[in-house]
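Examination of the molecular architecture
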Amino acid sequence: AATYDVVIVGGGVVGLNSALQLRRRRPSAKICVLEKGASVGEGSSGYSCAILRSLYSLAPMVELSRDGYHVYNKWADYVQLEKPRGHFVKTGTLYMMGKTREATQNDAQRLAAAGVEHEVLDTAEIGRRFPLFSRCTAPIDTTDGTTGAGDGELHECNDGDDSGMVALWEPGTGYMDPNGCLLDLVDACQARGIDVRFHTRVIGSARAGSRLTSVTVRSGGGGEEHLSAAQFVNAAGPWVNEVHDALGVTPELRPARVSRPVRIQLIYKSAPELFVDDASEPSGSRCLLPIFNNFDDGIYCRPHNSSRQLIVSTVLEKEENDFVDNPDDINRCADPEMRQRFLNAVHHRVPSLVERGEVRGISAMYTNSDDIHPVIGRVRGYDNYVCANGFSGHGFKYSPLSGALVAQLLTDGERLDTFDTAVDVDFFNPYRDEHKIPLKSVLA
């Protein structure tokens, strides 16, 4: 049986970042990451839109996302690779949330308190800066049977300066290539002596009193092995509860903030007419639109420069409740009615988007906690078991700092001068009282 200082279950962005952040604190520690997939990106991380933005309902989330942005802007330094595959694509984000100017100013104050660059834009300024967007504030017509943000009726869109739209602009935001980042993290971990095992599933455990002593794993070839360690981390994403079961965590000891996998649908819409050649971009292409969120239409959208596509998905709480019983067996296609809803919404917001062109619909998974905030902390009844889950569609953008928080827990609170965060890990306590927020969705 192999022996480690720390075994991390889950080789997505949280597990790999936890391993890397622990290595930064403990250069000689024996660390193992166990990933059930045959390669990286088979869980939630590889399907992430990997949007980097900072607007959230509660200040610690704004701060953590801001800190994540700083890491991704220095990604090569963080992973210490000469030619990383991941790179930051700056687009800015326009939040068209259907809010009053006063409510938008309140959002802006949270960004200001964290030192995040932003502007509040009135209707006329939105039109001047972003002429491709309709400023209509009426919900889309849903008479074709699709489910939209509201019970919209057929209407003539008001795209004038009197439409009343107010938006928040966060210019420093953008996105990363999620699979490029995952590959970089594997390279960075392996270059530092971290054992990253693929096609390896945790199926059991041994315990002595309040301490886990080992996990039993099954490899892709069917062989079983016992791995001993001083500490264990569950960063298994949608498989969080399967790992709890394998480690013998009884219901009364599980986190009060329950994490469950949920199916999320999205589409990729070909939109070459919205892109221009730009040699300054790594892909050689740039979109004429920023990332945008629009609550009237119930969608968010980000460009994908390299393929000249728009990626569209939901911001509605009611569309984040398709809970998954078995994360190994989900429908990976988008439902026809959801595919049509996203198309209706993005055409409503971007009238110049042509109707021809390929549309591909897929489904992926979030792991939602019941208050839509991460769960990071020690599991009751165990002295050496940390859970890091429930990132609810937010996790990629601040995963280097989630990893830092896990590493802090494993090293008695040790913080570093670079690529770390001062956000209190207790905010994410698995047994906390529910964080009360008005909106429980990816825009929480």
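Note that the structure is a prediction, hence the values are computed from the model and not measured.

On to the sheet that holds strand β3 (residues 51-52), then. Here 3 strands make up an open sheet; going across it, the order is β3-β8-β4 and the pairing antiparallel. Strand pairing shows two members of the sheet lacking a second neighbour, β3 and β4 (89-90), which therefore form its edges. Sheet topology note: the β4/strand β8 (residues 174-175) ladder contains 2 bridges and is antiparallel. Its bridge partner lying in β8, K90 is registered against G174.

Right, let's talk about the side chain of T91 for a bit. Relative to the helices and strands, T91 resides in the loop between β4 and β5 (93-96). Residue T91 is classed as buried on the basis of its relative accessible area of 18%. Contact partners of T91, with chain neighbours within four places excluded, come to W169, T173, G174, Y175, P290, I291 and P303.

A rise of 1.5 Å per residue sets the reference length of helix α4 (residues 101-113), with its 13 residues, at 18 Å; its end C-alpha atoms lie 18 Å apart and thus fit the reference within 8%. Those residues of α4 that are buried lie in contact with α2 (59-73), β6 (119-121) and β7 (167-170). Downstream of α4 by a residue or two, G115 has a phi angle that is positive, lying close to 75°.

Tallied over the entire structure, the rule returns 29 salt bridges. The salt bridge partner of D187 is R85, with a shortest N-O separation of 2.7 Å. Within this pair, whereas D187 is found in helix α6 (residues 178-191), its partner R85 is found in the loop between α3 (75-79) and β4, the two being separated by 102 residues in sequence. What makes R85 partly exposed here is its relative accessible area of 41%. Residue R135 pairs with D159 through a salt bridge whose shortest N-O separation is 3.3 Å. Placement of the pair is R135 in the loop between α5 (123-129) and β7 and D159 in the loop between α5 and β7, with a sequence separation of 24 residues.

Helix length check: helix α9 (residues 399-410) (12 residues) gives 16 Å between terminal C-alpha atoms against 16 Å at 1.5 Å per residue, within 8%. Counting buried residues in α9 gives 12 out of 12 residues, a clear majority hidden from the surface. Inspection of α9 places S399, P400, L401, S402, G403, A404, L405, V406, A407, Q408, L409 and L410 among the buried residues, and these make up the whole buried set.

What follows concerns the packing of aromatic side chains. Each aromatic ring pair is characterised by the separation of its centres together with the angle its planes make. Counting across every chain of the model gives 11 aromatic pairs. Grouping aromatic residues by their ring pairs yields a cluster made of Y72, W75, Y78, F396 and F419. Against the face of Y56 rests R53, its NZ or CZ located 4.4 Å from the ring centre.

M176 and I376 are the most contacted members of the largest nonpolar core, which has 78 residues in total. Counting residues per element, this core draws most heavily on α9, at 7 residues. Beyond its immediate chain neighbours, meaning those up to four positions away, I376 contacts C387, A388, F391, S402, L405, V406, L409, V425, F428, N429 and P430. Within the second largest apolar cluster, 29 residues are counted, among which are I140, M165, I267 and V350.

Our focus in this paragraph is unusual backbone geometry. Of note in this structure, A50 is not a glycine but carries a positive phi near 55°. One can find A50 in the loop between β2 (31-34) and β3. Residue A50 is classed as buried on the basis of its relative accessible area of 2%.

Moving on: the pairing of strand β10 (residues 200-208). Inspection of the sheet shows β10 paired to strand β11 (residues 211-219) by 8 bridges, in the antiparallel sense. Of the residues in β11, the one forming a bridge with R201 is R218.

Moving on to the sheet that holds strand β19 (residues 359-369). Taken in spatial order, the 8 strands of this open sheet run β6-β7-β5-β16-β17-β18-β13-β19, and their pairing is mixed. On the outer flanks of this sheet lie β6 and β19, each paired with one strand and no other. Put simply, the sheet's adjacent strands are angled 20° from each other on average, direction ignored. Bridge count for strand β13 (residues 259-270) against β19 is 11 bridges, and the pairing is antiparallel. Its bridge partner lying in β19, I264 is registered against A364. Sheet contacts for α4: β6 and β7; angle to β7, the most-contacted strand, approximately 20°. Each of β5, β13, β16 (291-294), β17 (299-304), β18 (309-314) and β19 is contacted by helix α8 (residues 336-349), which is oriented at about 55° to β13, the strand it contacts most.

Procedures and definitions
- Residues numbered from 1 in each chain as written.
- Predicted model: local features only at pLDDT ≥ 70, side-chain atom pairs only at ≥ 80, totals over all residues.
- Heavy atoms only, no water.
- Pairing = 2+ DSSP bridges.
- Helix = DSSP H or I, 4+ residues; strand = E, 2+ residues; numbered from the N terminus.
- Buried < 20%, exposed > 50% of the residue type's maximum accessible area, 1.4 Å probe, protein only.
- Contact = heavy atoms within 4.5 Å.
- Expected span 1.5 Å × (residues − 1).
- Salt bridge = Lys/Arg side-chain N within 4 Å of Asp/Glu carboxyl O.
- Phe/Tyr/Trp six-rings, centres within 6.5 Å; stacked < 30°, edge-to-face > 60°.
- Lys NZ or Arg CZ within 6 Å of the ring centre and 35° of its normal.
- Core = buried A, V, L, I, M, F, W, Y, C linked by side-chain atoms within 4.5 Å.
- Axes fitted to C-alpha atoms, helices over the stretch in contact; angles between N-to-C directions.

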